[in-house]
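# Descriptive structure summary
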Amino acid sequence: MIKTSALASLIVLGWTSSLSAQTVYPIDRAEILAGAKFDFKVELPGPVDATKLKVTVNGADFATAFGRAGTFIEREDGKDQSALILRDVTLARSGNVVVDVSDGTRQRSVTWTVYDTGPRKAKNVILFIGDGMSPAHRVAARILSKGISEGKSRGKLAIDDMPHMALVATAGSDSIITDSANSASAYATGHKSAVNALSVYADRTASPLDDPRVETIASLAKRRLGMAIGIVTNTEIEDATPAAMVAHTRRRAAYDDIVEQFFDAKPDVLMGGGSANFLPKSVAGSKRKDETDYIAKFRDAGYQVATTASELGASAARQETSKLLGLFATGNMDGVLDRKFLKGGGVRKFPEQPDLTEQVQAALNILSKNENGFFLMVESGMIDKYAHLLDMERAVYDTIMLDNAVRQTREWARARGDDTLIMVVADHNHPNSLVGTVNDDMGTVPNVPLRERVAVYDKAGFPNYPAPDAEGYPARIDVSRRLAIFSASLPDHYETFRPKLDGPNQPTIKAGDDGTFKANDKYKDVPGAVLRPGNLSALIGASVHSGEDVILTATGPGSERVHGSMDNTEVFRVMADALGLAAGQ
């Protein structure tokens, strides 16, 4: 039994702990590039007398350390909570930095590491991101595009055949499971962020646009070195991964605001889907909430605008083209399987969407005109979309497409003398596993349920996809012995054990107005279909991300820093070091 005095001590300790709950941004153990801009903020849990607030940086008053005073907010958001904020500050000297905060009653201390870089090693940096690309996707892409015989692959993927490799941890500041917003932000800024947050520290205010910002690699490369900037994806260009390269918002769904920030930043090349949020509200297909025509604004700012593959090729071929906006669908672009083979998805509406390889080639043509070099982020983003929908074949074909884009880029870099750092990484994992094969060639055993045709170990054998074409794609996926790739995170759905040839998979549909989902009856009567009760809440209608490390491979100047086990924030540091972004501070 706890004595009264001891209990009182525990209560006091608990109260003291509560009182010391100030929040400091950047957060504890943040690693900050010397000379990079960031917002400094202190959030106090209650109202504070400004005269009693003491904030020091390595023992010096914060105003002296940062070169100017901040803004003290007595009642932030009209609540009994105070805050101090300074925008766009920098730290020029490398070393440990200790920030101490006290209001006379509460206190908090955080430590940052400010790091420098050596001289510039790479003229260009190209970051390829396979969104949600799991090891199972890579293995399946290798099997389908290269073939396998007696257990040995007949070739290597370009994304695997690179001299340096590491495992990258992906957790965010608020969860062990990341989304594409905070994972891409870690690559873009070198700072941890929270789910749904793009290149900001997610604070407590109501506005999603006033959170403490951290400068991105795109901004740094342009501001410090005069480099060209390219952002290429086959998702909506406003989606989390491409947006993280430039935008700052706690709400990744704020597409209108993200488009505005794209225009303010003016990357030299911007390509993907998502034209709906560039079009004025009154235009058919628009999703904007105002009448601003951002396609017209970009055109007036000197951009060539392409909406089809042929327009893209023509624009990229013009010697005078130095800025390009490519928007090839109102929403996400279609993946390879639909675009090249099945003609499903949105292909009928947008029949001339470019391949990722065409987008990348156009970007290289334009960006390489800048004598100061360029930073280019390329995302094969539909891998993730299809993995969420348990549509493994489409995800694998888009992994092959990513590999083709990497292969052509490596050839481009070799022809220039290898002055380009090339990195290939996933932003997060999906809990997918290749467990064997699905066998429909059991002709001697009639009426065997499909579930019993999932073969493992020696019964799995090898798949019998036809030989791939010159781009690495088998012409058919509905063969009699297919790869069996399953997810560990499942909504209720009907498992058909067969590829979806009529369009991307839709495992669930809305159950009603309460936000819940149910299994899609569309697949209920497919021969052999099995109702699989999920392991996810009915509020979640798709497979979800997982927390395993992802694979990073790299080649080119600066790639030697890629090895062993790394944090996702270190990917930014590899790029910053290759470009010498802090040299000469």
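In what follows, the structure referred to is the one given above.
Attention in this report is confined to the structure presented alongside it. Everything numeric here is computed off the predicted structure, so don't read it as measured data.

## A word on empty space enclosed by the protein
Within the structure shown, the criterion is met by 2 cavities of 30 Å³ or more. Of all the secondary-structure elements, those providing two or more residues to the lining of the largest cavity are helix H3 (135-146), helix H13 (392-415), strand S22 (481-487) and strand S23 (493-495). In terms of residue count, the dominant contributor to the lining of the largest cavity is S22 (6 residues). Split into classes, the residues belonging to the lining of the largest cavity amount to 16 nonpolar, 3 polar and 7 charged. Space inside the second largest cavity adds up to approximately 60 Å³. Tallied by class, the residues present in the lining of the second largest cavity amount to 7 nonpolar, 2 polar and 2 charged.

## Details of the packing of helix H9 (residues 309-317) against helix H11 (residues 356-367)
For the pair H9 and H11, interaxial distance at closest approach is 9 Å and the crossing angle is 20°. When the axis of H9 is compared with that of H11, the two are roughly parallel. Here the hand of the crossing between H9 and H11 comes out left-handed. In contact with Ala 309, Leu 312 and Ala 316 of H9, H11 contributes Glu 358, Gln 359, Ala 362, Asn 365 and Ile 366. Looking at side-chain class alone, the contact of H9 with H11 contains 5 nonpolar, 2 polar and 1 charged residues.

## Quick notes on the pairing of strand S15 (residues 269-273)
Across the 5 residues that make up S15, a large majority, 5, are buried. Sheet analysis places strand S14 (residues 228-236) next to S15, joined by 4 bridges and oriented parallel. Bridge assignment links Gly 230 to a residue of S15, and that residue is Val 269. Bridging between S15 and strand S17 (residues 324-327) involves 4 bridges; their strand directions are parallel. Residue pairing for S17: Met 271 is matched across the bridge by Gly 326.

## Some thoughts on helix H5 (residues 217-225)
Those residues of H5 that sit buried are Ile 217, Ala 218, Leu 220 and Ala 221. Summarising the contacts, the buried residues of H5 are in contact with strand S2 (31-33), helix H4 (180-189), S14, strand S18 (374-380) and helix H14 (569-579).

## Quick word on the side chain of Thr 420
Within the secondary structure layout, Thr 420 lies in strand S19 (residues 420-425). A polar side-chain atom of Thr 420 sits 3.0 Å from a polar atom in the side chain of Asn 124. Engagement of the side chain of Thr 420 in a polar contact is seen with the side chain of Asp 419, the distance being 3.0 Å. Non-local contacts of Thr 420, meaning those with residues more than four positions away in its chain, are made with Asn 124, Val 125, Ile 126, Trp 412, Ala 413, Thr 555, Gly 556 and Pro 557.

## Some points on the sheet that holds strand S5 (residues 60-61)
On the basis of which strands lie adjacent, the open sheet formed by 5 strands has the order S2-S9-S8-S4-S5 and mixed pairing. Of all strands in the sheet, those with a lone pairing partner are S2 and S5, marking the two edges. Inspection of the sheet shows strand S4 (residues 54-57) paired to strand S8 (residues 95-102) by 4 bridges, in the antiparallel sense. Paired with Lys 54 across the strands is Ser 102, a residue of S8.

## Quick word on unusual backbone geometry
For the bond running from Tyr 25 to Pro 26, omega is 0°, close enough to zero to count as cis. With respect to the helices and strands, Pro 26 occurs in the loop between strand S1 (23-25) and S2. Phi at Asn 58 is positive, roughly 50°, even though this residue is not glycine. Tracing the backbone through its elements, the reader meets Asn 58 in the loop between S4 and S5. Its relative accessible area of 47% is what places Asn 58 among the partly exposed residues. Positive phi outside glycine occurs at Tyr 457, with the angle close to 50°. For Tyr 457, the location among the structural elements is in the loop between strand S21 (454-455) and S22.

## Let's talk about the environment of Gly 331
Within the secondary structure, Gly 331 sits in the loop between S17 and helix H10 (336-342). A relative accessible area of 16% means that Gly 331 is categorised as buried. Apart from residues lying up to four places away in sequence, Gly 331 is in contact with Glu 236, Gly 273 and Gly 274.

## Things to note about the nonpolar core
Ranked by size, the top nonpolar core spans 149 residues in total, and within it Phe 40, Trp 112 and Phe 375 carry the most contacts. Per-element tally for this core: the top contributor is H13, with 11 residues. Val 438, Ala 484, Phe 486 and Phe 497 belong to the second-largest nonpolar core, a separate cluster that totals 5 residues.

Procedures and definitions
- Residues numbered from 1 in each chain as written.
- Predicted model: local features only at pLDDT ≥ 70, side-chain atom pairs only at ≥ 80, totals over all residues.
- Heavy atoms only, no water.
- 1 Å grid on protein atoms, 1.4 Å probe; cavity = no way out; pocket = protein on both sides within 12 Å on 5 of 7 lines; lining within 4 Å.
- Points joined across faces, edges and corners; volume = space filled by probe spheres on them.
- Helix = DSSP H or I, 4+ residues; strand = E, 2+ residues; numbered from the N terminus.
- Nonpolar A, V, L, I, M, F, W, Y, C, P; charged D, E, K, R; others polar.
- Axes fitted to C-alpha atoms, helices over the stretch in contact; angles between N-to-C directions.
- Parallel < 35°, antiparallel > 145°, perpendicular 65-115°, else oblique.
- Left-handed = near helix turned anticlockwise from the far one by under 90°.
- Contact = heavy atoms within 4.5 Å.
- Buried < 20%, exposed > 50% of the residue type's maximum accessible area, 1.4 Å probe, protein only.
- Pairing = 2+ DSSP bridges.
- Polar contact = N/O pair within 3.5 Å; in protein donor to acceptor, adjacent residues only side chain to side chain.
- Core = buried A, V, L, I, M, F, W, Y, C linked by side-chain atoms within 4.5 Å.

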